[in-house]
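Chains, contacts and geometry: an overview
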Amino acid sequence: MTINKISSLMTDDAILLETGRRLARQRVDRQLTQSALAEQAGVSKRTVERIEAGESAQLASVIRVLRVLELLPGFDAMLPEIGPRPMDLLRLQGKARQRASSSHKAVEGVREEPAWRWGDEPDDPAPSKR
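Residues numbered from 1 in each chain as written. Predicted model: local features only at pLDDT ≥ 70, side-chain atom pairs only at ≥ 80, totals over all residues. Heavy atoms only, no water.

For the rest of this paragraph, the subject is helix α3 (residues 45-52). Every α-helix winds through 3.6 residues per turn, so residues three or four apart in the chain are directed the same way. Listed in full, the buried residues belonging to α3 are Thr47, Val48, Ile51 and Glu52. In an axial view of α3, the angular spread of the buried residues amounts to 130 degrees, which keeps them on one side of the axis. In the core, the buried residues of α3 are packed alongside α1 (12-29), α2 (34-41) and α4 (59-68). In the stretch just after α3, Gly54 is the one whose phi turns positive, near 85 degrees. (Buried < 20%, exposed > 50% of the residue type's maximum accessible area, 1.4 Å probe, protein only. Helix = DSSP H or I, 4+ residues; strand = E, 2+ residues; numbered from the N terminus. Arc of directions from axis to C-beta. Contact = heavy atoms within 4.5 Å.)

Here it is as structure tokens:
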């Protein structure tokens, strides 16, 4: 028996074939027929046959088969959730809020300056010539 490690050097067809072979082995080890697996997964027997033969299949069908074979934890490990990047963690470190801010209403008796906008520049007494 040859053990084929799936790698990026393999063609898509070779990966599908190896995946199908492994799923067939898992099914046999659990003493399930293709018909029983198909029924439990809610897919057709022909879909199970195609997956095990290394033919293309819908991802939803493959997930249903993996669920019946109790292989979804491996699927989760294959596509781990992405957490914050190390640089993001460093930027956030020590910047936790210490207190709540007061409301942004103007304090009585204090005049707020309006926000600056483009075109609000003071007139230049000596405009430069271009």
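Take the layout of surface pockets next. By rolling a water-sized probe across the atoms, one finds the places where empty space is left. One number sums up the size of the largest pocket: a volume of about 640 Å³. Every residue lining the largest pocket is counted, 21 residues in all, and those nearest its centre are Thr19, Leu23, Val62, Leu66 and Met78. Those elements that place two or more of their residues in the lining of the largest pocket are α1, α4 and α5 (72-78). Here the lining of the largest pocket takes eight residues from α1, the largest share from any one element. For the lining of the largest pocket, a count of residues per class yields twelve nonpolar, six polar and three charged. (1 Å grid on protein atoms, 1.4 Å probe; cavity = no way out; pocket = protein on both sides within 12 Å on 5 of 7 lines; lining within 4 Å. Points joined across faces, edges and corners; volume = space filled by probe spheres on them. Nonpolar A, V, L, I, M, F, W, Y, C, P; charged D, E, K, R; others polar.)

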